[in-house]
Amino acid sequence: MSSISVNGGEDVSQFRIADVIAKKREGLPLSPQEIRHVVEATMTGQAQDCQLGALLMAIRLKGMNPEETMTLTKEMVTSGSVLNWPEEWSGLLVDKHSTGGVGDKVSLPLAPALAACGCKVPMISGRGLGHTGGTLDKLESIPGFSSQQNPEQMLEILHSVGCCIVGQSKNLVPADKIFYEMRDVTATVDSLPLITASIMSKKVAENLSALILDVKFGAAAQSPTIEEAKHLAHSLVNVGDSLGISTVALITNMDSPIGRCVGNSLEVIEALECLEGHGPEDLRELVLRAGGYLLWLCGRAESEIQGEEKIASVLRDGSALQCFRKMLEAQGVKPDIARTISSSSKLGKTSHIEELKVYKTGTVGLIQARPIADVLNALGAGRKKATDTINHSVGAELLVREGQHVEKGAPWIRVYYDEPLLQDKDRQTLQNALCISEQPPFIPAPRVRDIICAQRKAAEHGDTVRRQGEIS
Ligand code: IUR
(Lines give C-alpha, C1' and ligand atoms only; values in the text may rest on other atoms or scores of the structure.)
Protein backbone atom coordinates (compact mmCIF):
# COMPACT_ATOMS: atom_id res chain seq x y z
CA MET A 1 0.00 0.00 0.00
CA SER A 2 1.79 3.12 -1.14
CA SER A 3 -0.36 6.03 -0.03
CA ILE A 4 -0.75 7.18 3.53
CA SER A 5 -4.33 7.65 4.63
CA VAL A 6 -4.83 9.61 7.80
CA ASN A 7 -8.28 10.07 9.27
CA GLY A 8 -8.87 11.65 12.66
CA GLY A 9 -5.14 11.53 13.34
CA GLU A 10 -5.12 7.79 12.87
CA ASP A 11 -3.01 6.10 10.21
CA VAL A 12 -5.14 3.33 8.71
CA SER A 13 -2.73 2.54 5.86
CA GLN A 14 -1.08 -0.15 7.98
CA PHE A 15 -3.97 -2.53 7.20
CA ARG A 16 -3.90 -4.86 4.23
CA ILE A 17 -7.26 -5.68 2.67
CA ALA A 18 -6.21 -9.33 2.37
CA ASP A 19 -5.69 -9.48 6.16
CA VAL A 20 -9.09 -7.92 6.77
CA ILE A 21 -10.70 -10.50 4.45
CA ALA A 22 -8.87 -13.33 6.24
CA LYS A 23 -9.99 -12.06 9.63
CA LYS A 24 -13.63 -11.91 8.59
CA ARG A 25 -13.30 -15.28 6.81
CA GLU A 26 -12.39 -16.73 10.21
CA GLY A 27 -15.47 -15.13 11.75
CA LEU A 28 -13.57 -12.55 13.81
CA PRO A 29 -14.93 -9.04 14.42
CA LEU A 30 -13.24 -6.25 12.47
CA SER A 31 -11.88 -3.26 14.36
CA PRO A 32 -13.25 0.25 13.62
CA GLN A 33 -9.88 1.05 11.99
CA GLU A 34 -10.10 -1.95 9.69
CA ILE A 35 -13.63 -1.04 8.64
CA ARG A 36 -12.56 2.54 8.03
CA HIS A 37 -9.66 1.31 5.92
CA VAL A 38 -11.95 -0.84 3.77
CA VAL A 39 -14.33 2.06 3.07
CA GLU A 40 -11.46 4.45 2.34
CA ALA A 41 -9.74 1.95 0.06
CA THR A 42 -13.04 1.41 -1.75
CA MET A 43 -13.45 5.13 -2.35
CA THR A 44 -9.85 5.72 -3.48
CA GLY A 45 -9.93 2.68 -5.77
CA GLN A 46 -7.09 1.01 -3.83
CA ALA A 47 -9.22 -2.00 -3.03
CA GLN A 48 -9.58 -4.35 -5.99
CA ASP A 49 -13.06 -5.49 -7.02
CA CYS A 50 -12.16 -9.12 -6.30
CA GLN A 51 -11.06 -8.16 -2.79
CA LEU A 52 -14.29 -6.31 -2.12
CA GLY A 53 -16.31 -9.23 -3.51
CA ALA A 54 -14.44 -11.62 -1.21
CA LEU A 55 -14.94 -9.39 1.81
CA LEU A 56 -18.66 -8.94 1.09
CA MET A 57 -19.03 -12.73 0.87
CA ALA A 58 -17.11 -13.20 4.13
CA ILE A 59 -19.47 -10.68 5.78
CA ARG A 60 -22.47 -12.43 4.21
CA LEU A 61 -21.32 -15.78 5.63
CA LYS A 62 -19.88 -14.76 9.02
CA GLY A 63 -22.01 -11.68 9.80
CA MET A 64 -21.07 -8.59 11.77
CA ASN A 65 -21.82 -7.76 15.37
CA PRO A 66 -23.89 -4.63 16.20
CA GLU A 67 -20.72 -2.60 16.87
CA GLU A 68 -19.20 -3.50 13.48
CA THR A 69 -22.51 -2.81 11.70
CA MET A 70 -22.74 0.60 13.35
CA THR A 71 -19.13 1.42 12.43
CA LEU A 72 -19.62 0.32 8.82
CA THR A 73 -22.72 2.55 8.61
CA LYS A 74 -20.82 5.53 10.06
CA GLU A 75 -17.85 5.05 7.74
CA MET A 76 -20.11 4.75 4.71
CA VAL A 77 -21.70 8.09 5.67
CA THR A 78 -18.27 9.75 5.65
CA SER A 79 -17.68 8.56 2.06
CA GLY A 80 -19.81 11.51 0.86
CA SER A 81 -21.47 14.72 1.94
CA VAL A 82 -24.25 15.01 4.50
CA LEU A 83 -27.29 17.27 4.47
CA ASN A 84 -27.14 20.24 6.83
CA TRP A 85 -30.15 22.01 8.26
CA PRO A 86 -30.76 25.20 10.25
CA GLU A 87 -30.17 24.86 13.99
CA GLU A 88 -33.79 25.72 14.78
CA TRP A 89 -34.99 22.58 12.98
CA SER A 90 -33.09 20.29 15.31
CA GLY A 91 -35.54 17.73 16.67
CA LEU A 92 -38.02 18.29 13.83
CA LEU A 93 -36.35 16.43 10.97
CA VAL A 94 -38.12 13.16 10.23
CA ASP A 95 -38.30 10.55 7.48
CA LYS A 96 -39.59 7.07 6.75
CA HIS A 97 -38.11 4.02 5.07
CA SER A 98 -40.07 1.03 3.80
CA THR A 99 -38.52 -2.27 2.79
CA GLY A 100 -40.89 -2.25 -0.19
CA GLY A 101 -44.36 -3.50 -0.91
CA VAL A 102 -47.16 -3.72 -3.43
CA GLY A 103 -49.60 -0.79 -3.50
CA ASP A 104 -47.45 1.00 -0.93
CA LYS A 105 -48.29 4.68 -1.37
CA VAL A 106 -47.91 5.53 2.34
CA SER A 107 -45.15 8.14 1.83
CA LEU A 108 -47.38 10.30 -0.39
CA PRO A 109 -49.87 11.26 2.34
CA LEU A 110 -47.41 10.79 5.22
CA ALA A 111 -44.79 13.40 4.23
CA PRO A 112 -47.27 16.29 3.81
CA ALA A 113 -49.27 15.23 6.90
CA LEU A 114 -46.08 15.45 8.98
CA ALA A 115 -45.22 18.83 7.43
CA ALA A 116 -48.72 20.05 8.30
CA CYS A 117 -47.95 19.02 11.92
CA GLY A 118 -44.80 21.21 11.96
CA CYS A 119 -42.14 18.63 11.05
CA LYS A 120 -39.47 19.02 8.39
CA VAL A 121 -39.44 16.04 6.04
CA PRO A 122 -36.47 15.75 3.62
CA MET A 123 -37.74 12.46 2.21
CA ILE A 124 -35.30 10.66 -0.08
CA SER A 125 -37.04 7.94 -2.04
CA GLY A 126 -36.29 5.44 -4.74
CA ARG A 127 -37.72 3.95 -7.88
CA GLY A 128 -39.35 0.57 -8.16
CA LEU A 129 -37.37 -2.47 -9.17
CA GLY A 130 -38.74 -6.00 -9.38
CA HIS A 131 -42.24 -6.46 -8.01
CA THR A 132 -42.24 -3.51 -5.58
CA GLY A 133 -43.24 0.00 -6.62
CA GLY A 134 -41.21 3.15 -6.03
CA THR A 135 -42.49 6.42 -4.57
CA LEU A 136 -40.75 8.51 -7.25
CA ASP A 137 -42.40 6.52 -10.06
CA LYS A 138 -45.79 7.16 -8.50
CA LEU A 139 -45.16 10.91 -8.19
CA GLU A 140 -43.82 11.09 -11.74
CA SER A 141 -47.26 10.11 -13.01
CA ILE A 142 -48.17 13.74 -12.14
CA PRO A 143 -47.15 15.83 -15.20
CA GLY A 144 -44.14 18.06 -14.53
CA PHE A 145 -43.10 16.47 -11.21
CA SER A 146 -39.32 16.48 -10.72
CA SER A 147 -37.35 14.60 -8.09
CA GLN A 148 -33.97 16.10 -9.03
CA GLN A 149 -33.62 18.79 -6.36
CA ASN A 150 -30.15 19.50 -4.96
CA PRO A 151 -29.58 20.08 -1.21
CA GLU A 152 -30.00 23.88 -1.57
CA GLN A 153 -33.33 23.42 -3.33
CA MET A 154 -34.41 20.88 -0.69
CA LEU A 155 -33.62 23.43 2.00
CA GLU A 156 -35.71 26.05 0.22
CA ILE A 157 -38.67 23.67 -0.14
CA LEU A 158 -38.44 22.62 3.49
CA HIS A 159 -38.52 26.33 4.45
CA SER A 160 -41.55 27.11 2.32
CA VAL A 161 -43.54 23.84 2.43
CA GLY A 162 -42.07 21.61 5.14
CA CYS A 163 -41.62 18.46 3.01
CA CYS A 164 -40.09 17.28 -0.24
CA ILE A 165 -39.79 13.86 -1.84
CA VAL A 166 -36.62 13.63 -3.92
CA GLY A 167 -34.24 11.12 -5.49
CA GLN A 168 -30.92 10.08 -4.03
CA SER A 169 -28.13 12.52 -4.96
CA LYS A 170 -24.80 11.14 -6.17
CA ASN A 171 -22.87 12.81 -3.35
CA LEU A 172 -24.81 11.16 -0.56
CA VAL A 173 -23.12 7.91 0.56
CA PRO A 174 -21.29 7.12 -2.70
CA ALA A 175 -19.80 4.03 -1.00
CA ASP A 176 -23.29 2.52 -0.90
CA LYS A 177 -23.59 2.67 -4.68
CA ILE A 178 -20.27 0.83 -5.08
CA PHE A 179 -21.09 -1.77 -2.42
CA TYR A 180 -24.66 -2.26 -3.68
CA GLU A 181 -23.57 -2.88 -7.26
CA MET A 182 -21.04 -5.41 -6.00
CA ARG A 183 -23.55 -7.12 -3.72
CA ASP A 184 -25.87 -7.45 -6.68
CA VAL A 185 -23.33 -9.48 -8.69
CA THR A 186 -21.79 -11.47 -5.81
CA ALA A 187 -24.99 -12.95 -4.28
CA THR A 188 -24.52 -10.88 -1.12
CA VAL A 189 -27.57 -8.60 -1.26
CA ASP A 190 -29.34 -10.55 1.49
CA SER A 191 -26.74 -9.90 4.21
CA LEU A 192 -28.29 -8.40 7.35
CA PRO A 193 -25.36 -6.09 8.28
CA LEU A 194 -24.91 -4.99 4.65
CA ILE A 195 -28.63 -4.22 4.25
CA THR A 196 -28.58 -2.37 7.57
CA ALA A 197 -25.52 -0.26 6.72
CA SER A 198 -26.89 0.49 3.25
CA ILE A 199 -30.30 1.68 4.45
CA MET A 200 -29.14 3.47 7.59
CA SER A 201 -26.10 5.24 6.09
CA LYS A 202 -28.43 7.11 3.72
CA LYS A 203 -30.73 8.06 6.60
CA VAL A 204 -27.83 9.20 8.79
CA ALA A 205 -26.56 11.35 5.89
CA GLU A 206 -29.95 13.10 5.87
CA ASN A 207 -29.17 14.33 9.39
CA LEU A 208 -32.53 13.23 10.81
CA SER A 209 -33.91 13.56 14.31
CA ALA A 210 -36.34 10.64 14.02
CA LEU A 211 -37.02 7.81 11.62
CA ILE A 212 -39.88 5.36 11.18
CA LEU A 213 -39.15 2.07 9.43
CA ASP A 214 -41.81 -0.05 7.81
CA VAL A 215 -40.29 -3.52 7.76
CA LYS A 216 -42.58 -5.81 5.83
CA PHE A 217 -43.00 -9.55 5.97
CA GLY A 218 -45.07 -11.93 3.88
CA ALA A 219 -45.34 -13.43 0.43
CA ALA A 220 -44.79 -10.10 -1.37
CA ALA A 221 -42.08 -8.80 1.00
CA GLN A 222 -38.32 -9.10 1.03
CA SER A 223 -38.62 -11.00 4.36
CA PRO A 224 -41.04 -13.92 4.00
CA THR A 225 -41.43 -14.50 7.76
CA ILE A 226 -42.20 -12.17 10.64
CA GLU A 227 -39.12 -13.48 12.48
CA GLU A 228 -36.82 -12.38 9.67
CA ALA A 229 -38.51 -8.98 9.50
CA LYS A 230 -38.05 -8.51 13.26
CA HIS A 231 -34.42 -9.52 13.02
CA LEU A 232 -33.79 -6.87 10.36
CA ALA A 233 -35.84 -4.31 12.29
CA HIS A 234 -33.77 -4.84 15.47
CA SER A 235 -30.57 -4.34 13.49
CA LEU A 236 -31.86 -1.14 11.83
CA VAL A 237 -33.27 0.32 15.06
CA ASN A 238 -30.07 -0.45 16.91
CA VAL A 239 -27.90 1.38 14.37
CA GLY A 240 -30.33 4.31 14.14
CA ASP A 241 -30.39 4.83 17.88
CA SER A 242 -26.61 4.35 18.23
CA LEU A 243 -26.04 7.06 15.63
CA GLY A 244 -28.40 9.58 17.22
CA ILE A 245 -31.63 9.04 15.26
CA SER A 246 -34.66 8.06 17.37
CA THR A 247 -35.86 5.06 15.41
CA VAL A 248 -38.96 2.87 15.59
CA ALA A 249 -39.84 0.00 13.25
CA LEU A 250 -43.35 -1.12 12.40
CA ILE A 251 -43.53 -4.78 11.45
CA THR A 252 -46.26 -4.94 8.84
CA ASN A 253 -47.91 -7.65 6.79
CA MET A 254 -47.35 -7.71 3.04
CA ASP A 255 -49.38 -10.63 1.69
CA SER A 256 -52.10 -8.56 0.00
CA PRO A 257 -51.82 -5.18 -1.77
CA ILE A 258 -52.07 -2.07 0.41
CA GLY A 259 -55.32 -0.26 -0.34
CA ARG A 260 -57.37 -0.98 -3.46
CA CYS A 261 -55.02 0.30 -6.18
CA VAL A 262 -51.74 -0.97 -7.61
CA GLY A 263 -49.98 0.97 -10.38
CA ASN A 264 -48.43 4.40 -10.37
CA SER A 265 -51.15 6.87 -11.37
CA LEU A 266 -53.94 4.90 -9.67
CA GLU A 267 -51.94 4.92 -6.45
CA VAL A 268 -51.55 8.71 -6.57
CA ILE A 269 -55.34 9.04 -6.80
CA GLU A 270 -55.72 6.71 -3.82
CA ALA A 271 -53.13 8.70 -1.85
CA LEU A 272 -55.20 11.83 -2.63
CA GLU A 273 -58.29 10.10 -1.21
CA CYS A 274 -56.31 9.57 1.99
CA LEU A 275 -55.23 13.24 1.96
CA GLU A 276 -58.92 14.17 1.66
CA GLY A 277 -59.59 12.31 4.91
CA HIS A 278 -60.96 9.11 3.34
CA GLY A 279 -59.28 6.22 1.54
CA PRO A 280 -58.90 2.55 2.37
CA GLU A 281 -58.69 1.58 6.03
CA ASP A 282 -55.31 -0.21 5.82
CA LEU A 283 -53.65 2.75 4.07
CA ARG A 284 -54.99 5.09 6.75
CA GLU A 285 -53.80 2.71 9.47
CA LEU A 286 -50.23 2.77 8.11
CA VAL A 287 -50.19 6.56 7.65
CA LEU A 288 -51.61 7.21 11.13
CA ARG A 289 -49.34 4.78 12.92
CA ALA A 290 -46.14 5.83 11.13
CA GLY A 291 -47.02 9.51 11.60
CA GLY A 292 -48.15 8.98 15.20
CA TYR A 293 -44.85 7.39 16.15
CA LEU A 294 -42.79 10.07 14.38
CA LEU A 295 -44.64 12.91 16.12
CA TRP A 296 -44.06 11.18 19.45
CA LEU A 297 -40.37 10.48 18.69
CA CYS A 298 -39.68 14.10 17.77
CA GLY A 299 -41.57 15.46 20.75
CA ARG A 300 -44.53 16.97 18.89
CA ALA A 301 -46.95 14.58 20.61
CA GLU A 302 -46.98 13.18 24.14
CA SER A 303 -47.75 9.69 22.94
CA GLU A 304 -48.06 7.76 19.73
CA ILE A 305 -51.82 7.87 20.16
CA GLN A 306 -51.86 11.66 20.46
CA GLY A 307 -49.60 11.73 17.40
CA GLU A 308 -52.13 9.64 15.47
CA GLU A 309 -54.89 12.06 16.46
CA LYS A 310 -52.84 14.97 15.12
CA ILE A 311 -52.22 13.21 11.83
CA ALA A 312 -55.94 12.32 11.56
CA SER A 313 -56.79 15.96 12.17
CA VAL A 314 -54.53 17.34 9.37
CA LEU A 315 -55.96 14.74 6.98
CA ARG A 316 -59.49 15.78 7.98
CA ASP A 317 -59.06 19.57 7.84
CA GLY A 318 -57.30 19.66 4.45
CA SER A 319 -53.98 21.07 5.71
CA ALA A 320 -52.06 17.91 4.71
CA LEU A 321 -53.59 18.11 1.21
CA GLN A 322 -52.51 21.77 0.98
CA CYS A 323 -48.93 20.78 1.90
CA PHE A 324 -48.98 18.05 -0.75
CA ARG A 325 -50.19 20.52 -3.40
CA LYS A 326 -47.52 23.07 -2.39
CA MET A 327 -44.87 20.38 -2.51
CA LEU A 328 -45.93 19.41 -6.05
CA GLU A 329 -45.75 23.04 -7.16
CA ALA A 330 -42.32 23.46 -5.56
CA GLN A 331 -41.17 20.31 -7.36
CA GLY A 332 -42.11 21.42 -10.86
CA VAL A 333 -45.83 20.70 -11.28
CA LYS A 334 -47.63 23.60 -13.02
CA PRO A 335 -49.66 25.71 -10.55
CA ASP A 336 -53.00 25.05 -12.29
CA ILE A 337 -52.49 21.28 -11.82
CA ALA A 338 -50.78 21.37 -8.42
CA ARG A 339 -53.32 23.70 -6.81
CA THR A 340 -56.38 21.73 -7.87
CA ILE A 341 -55.23 18.10 -7.90
CA SER A 342 -57.69 15.84 -6.09
CA SER A 343 -58.91 12.26 -6.07
CA SER A 344 -61.24 13.14 -8.95
CA SER A 345 -58.35 14.31 -11.18
CA LYS A 346 -57.60 12.20 -14.24
CA LEU A 347 -53.97 11.08 -14.44
CA GLY A 348 -53.42 9.21 -17.65
CA LYS A 349 -55.57 6.76 -19.52
CA THR A 350 -55.06 3.32 -21.02
CA SER A 351 -56.50 1.91 -24.23
CA HIS A 352 -57.86 -1.18 -22.43
CA ILE A 353 -59.88 -1.56 -19.22
CA GLU A 354 -60.92 -5.09 -18.35
CA GLU A 355 -62.74 -6.58 -15.39
CA LEU A 356 -62.28 -10.16 -14.23
CA LYS A 357 -65.13 -12.03 -12.52
CA VAL A 358 -65.29 -13.94 -9.22
CA TYR A 359 -65.14 -17.67 -10.08
CA LYS A 360 -67.14 -18.98 -7.10
CA THR A 361 -69.40 -17.71 -4.33
CA GLY A 362 -67.82 -17.42 -0.88
CA THR A 363 -65.67 -15.15 1.31
CA VAL A 364 -62.55 -13.40 0.03
CA GLY A 365 -59.88 -15.05 2.21
CA LEU A 366 -56.87 -13.35 0.63
CA ILE A 367 -55.93 -11.33 -2.44
CA GLN A 368 -52.33 -12.24 -3.17
CA ALA A 369 -50.17 -9.21 -3.93
CA ARG A 370 -47.21 -10.89 -5.55
CA PRO A 371 -48.91 -12.41 -8.63
CA ILE A 372 -50.84 -9.16 -9.22
CA ALA A 373 -47.60 -7.16 -9.09
CA ASP A 374 -45.87 -9.61 -11.43
CA VAL A 375 -48.65 -9.35 -14.05
CA LEU A 376 -48.75 -5.54 -13.82
CA ASN A 377 -44.98 -5.32 -14.14
CA ALA A 378 -45.09 -7.43 -17.28
CA LEU A 379 -47.72 -4.98 -18.61
CA GLY A 380 -45.26 -2.11 -18.03
CA ALA A 381 -46.16 -0.80 -14.55
CA GLY A 382 -42.69 -1.64 -13.19
CA ARG A 383 -39.13 -2.46 -14.18
CA LYS A 384 -37.15 -5.67 -14.49
CA LYS A 385 -33.91 -3.70 -14.77
CA ALA A 386 -33.07 -0.15 -13.73
CA THR A 387 -33.00 1.19 -17.32
CA ASP A 388 -36.53 -0.02 -18.27
CA THR A 389 -39.15 2.66 -18.91
CA ILE A 390 -42.56 2.35 -17.30
CA ASN A 391 -46.16 3.10 -18.27
CA HIS A 392 -47.57 5.12 -15.36
CA SER A 393 -51.18 4.45 -16.34
CA VAL A 394 -50.95 0.64 -16.15
CA GLY A 395 -52.50 -0.69 -12.97
CA ALA A 396 -55.31 -2.52 -11.28
CA GLU A 397 -58.15 -1.62 -8.98
CA LEU A 398 -59.48 -4.18 -6.53
CA LEU A 399 -63.27 -4.11 -6.45
CA VAL A 400 -63.63 -6.48 -3.48
CA ARG A 401 -62.04 -6.52 -0.01
CA GLU A 402 -60.63 -9.29 2.11
CA GLY A 403 -63.19 -10.79 4.45
CA GLN A 404 -66.11 -9.78 2.20
CA HIS A 405 -68.82 -12.15 0.88
CA VAL A 406 -68.76 -12.32 -2.93
CA GLU A 407 -71.05 -13.88 -5.50
CA LYS A 408 -69.82 -15.87 -8.49
CA GLY A 409 -69.75 -13.66 -11.60
CA ALA A 410 -69.30 -10.31 -9.78
CA PRO A 411 -66.33 -8.21 -11.01
CA TRP A 412 -63.42 -8.32 -8.55
CA ILE A 413 -60.48 -6.63 -10.30
CA ARG A 414 -60.29 -3.94 -13.00
CA VAL A 415 -57.08 -4.00 -15.02
CA TYR A 416 -55.83 -0.96 -16.98
CA TYR A 417 -53.36 -1.68 -19.79
CA ASP A 418 -52.06 -0.70 -23.23
CA GLU A 419 -49.41 -2.70 -25.11
CA PRO A 420 -48.35 -5.35 -24.24
CA LEU A 421 -51.86 -6.77 -23.98
CA LEU A 422 -53.17 -8.88 -21.11
CA GLN A 423 -52.76 -12.55 -22.10
CA ASP A 424 -54.83 -15.57 -21.03
CA LYS A 425 -51.97 -16.79 -18.84
CA ASP A 426 -52.01 -13.39 -17.06
CA ARG A 427 -55.79 -13.66 -16.56
CA GLN A 428 -55.22 -17.09 -15.01
CA THR A 429 -52.46 -15.75 -12.75
CA LEU A 430 -54.79 -12.98 -11.58
CA GLN A 431 -57.66 -15.42 -10.96
CA ASN A 432 -55.30 -17.55 -8.86
CA ALA A 433 -54.46 -14.47 -6.78
CA LEU A 434 -58.06 -14.33 -5.55
CA CYS A 435 -58.48 -16.89 -2.75
CA ILE A 436 -62.12 -17.65 -1.97
CA SER A 437 -62.89 -19.57 1.22
CA GLU A 438 -66.00 -20.99 2.81
CA GLN A 439 -65.46 -19.27 6.15
CA PRO A 440 -67.94 -16.59 7.26
CA PRO A 441 -67.16 -12.95 6.37
CA PHE A 442 -64.51 -11.39 8.67
CA ILE A 443 -62.79 -8.09 9.47
CA PRO A 444 -59.23 -8.13 8.07
CA ALA A 445 -56.37 -8.13 10.61
CA PRO A 446 -54.48 -4.83 11.05
CA ARG A 447 -51.37 -4.38 8.90
CA VAL A 448 -49.14 -3.54 11.86
CA ARG A 449 -48.27 -6.74 13.72
CA ASP A 450 -45.43 -5.61 15.96
CA ILE A 451 -43.38 -2.57 16.97
CA ILE A 452 -39.61 -2.61 17.50
CA CYS A 453 -37.99 0.24 19.39
CA ALA A 454 -34.87 0.71 21.50
CA GLN A 455 -35.21 -0.37 25.12
CA ARG A 456 -35.11 3.16 26.49
CA LYS A 457 -37.90 4.27 24.18
CA ALA A 458 -39.88 1.11 24.91
CA ALA A 459 -39.76 1.97 28.63
CA GLU A 460 -40.97 5.53 27.99
CA HIS A 461 -43.56 4.14 25.65
CA GLY A 462 -44.83 1.75 28.31
CA ASP A 463 -47.33 4.32 29.60
CA THR A 464 -48.75 5.00 26.20
CA VAL A 465 -49.18 1.53 24.76
CA ARG A 466 -52.73 0.95 23.70
CA ARG A 467 -52.38 -2.27 21.81
CA GLN A 468 -51.26 -5.00 24.16
CA GLY A 469 -48.39 -7.27 23.23
CA GLU A 470 -47.12 -5.06 20.45
CA ILE A 471 -43.76 -3.87 21.75
CA SER A 472 -40.88 -6.25 21.16
N1 IUR B 1 -32.55 -0.77 0.16
C2 IUR B 1 -31.35 -0.21 0.42
O3 IUR B 1 -31.24 1.01 0.50
N4 IUR B 1 -30.29 -1.00 0.58
C5 IUR B 1 -30.36 -2.34 0.51
O6 IUR B 1 -29.36 -3.02 0.68
C7 IUR B 1 -31.62 -2.91 0.25
C8 IUR B 1 -32.70 -2.12 0.06
I9 IUR B 1 -31.78 -4.95 0.08
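The structure this text deals with has already been given above.
The rules we used
- Residues numbered from 1 in each chain as written.
- Predicted model: local features only at pLDDT ≥ 70, side-chain atom pairs only at ≥ 80, totals over all residues.
- Heavy atoms only, no water.
- Pairing = 2+ DSSP bridges.
- Helix = DSSP H or I, 4+ residues; strand = E, 2+ residues; numbered from the N terminus.
- Axes fitted to C-alpha atoms, helices over the stretch in contact; angles between N-to-C directions.
- Expected span 1.5 Å × (residues − 1).
- Buried < 20%, exposed > 50% of the residue type's maximum accessible area, 1.4 Å probe, protein only.
- Parallel < 35°, antiparallel > 145°, perpendicular 65-115°, else oblique.
- Left-handed = near helix turned anticlockwise from the far one by under 90°.
- Contact = heavy atoms within 4.5 Å.
- Phe/Tyr/Trp six-rings, centres within 6.5 Å; stacked < 30°, edge-to-face > 60°.

Enquirer: Whenever I open this one, the sheet that holds strand β15 (residues 448–453) confuses me. Can you help?
Expert: Two pairing modes exist for strands in a sheet, parallel and antiparallel, and in both the strands are linked by backbone hydrogen bonds. Strands sit in the order β3-β6-β7-β15 across an open sheet of four strands; the sheet is mixed. The sheet terminates laterally at β3 (94–98) and β15, the two strands that pair on one side only. Here the average twist between neighbouring strands, direction ignored, is 20°. Sheet analysis places β3 next to strand β6 (residues 210–217), joined by five bridges and oriented parallel. Paired with D95 across the two strands is L211, which belongs to β6.

Enquirer: Help me understand helix α9 (residues 192–205) in this model?
Expert: Residue pairs spaced three or four apart in an α-helix point in one direction, given the helix's 3.6 residues per turn. Over its 14 residues, α9 runs 20 Å from end to end, which matches the ideal 20 Å to within 8%, given 1.5 Å per residue. Among the 14 residues of α9, 12 are classified as buried, and the element is accordingly described as predominantly covered. If you check which residues of α9 are buried, you get P193, L194, I195, T196, A197, S198, I199, M200, S201, K203, V204 and A205. Residue N207 follows α9 closely and has a positive phi angle near 60°.

Enquirer: Would you take a moment to explain the packing of helix α16 (residues 369–378) against helix α17 (residues 424–433) for this structure?
Expert: Packed helix pairs are specified by the crossing angle of their axes together with the interaxial distance, meaning the distance between the axes. Contact pair α16 / α17: the axes reach a minimum separation of 8 Å and the direction vectors enclose 160°. Comparing the axis directions of α16 and α17 gives the class roughly antiparallel. Here α16 runs over α17; the crossing is left-handed. Side by side, α16 and α17 meet where P371, I372 and V375 of the first sit next to D426, T429, L430 and A433 of the second.

Enquirer: Any chance you could explain the packing of aromatic side chains here in plain terms?
Expert: By convention here, two paired aromatic rings are described through the distance between centres and the angle between planes. Scanning the entire structure with this criterion turns up two aromatic pairs. With a centroid separation of 6.1 Å and 65° between ring planes, the pair formed by Y293 and W296 is classed as edge-to-face. On the criterion of helical spacing, the pair formed by Y293 and W296 is a turn pair, its members being three residues apart in helix α12 (residues 281–297).

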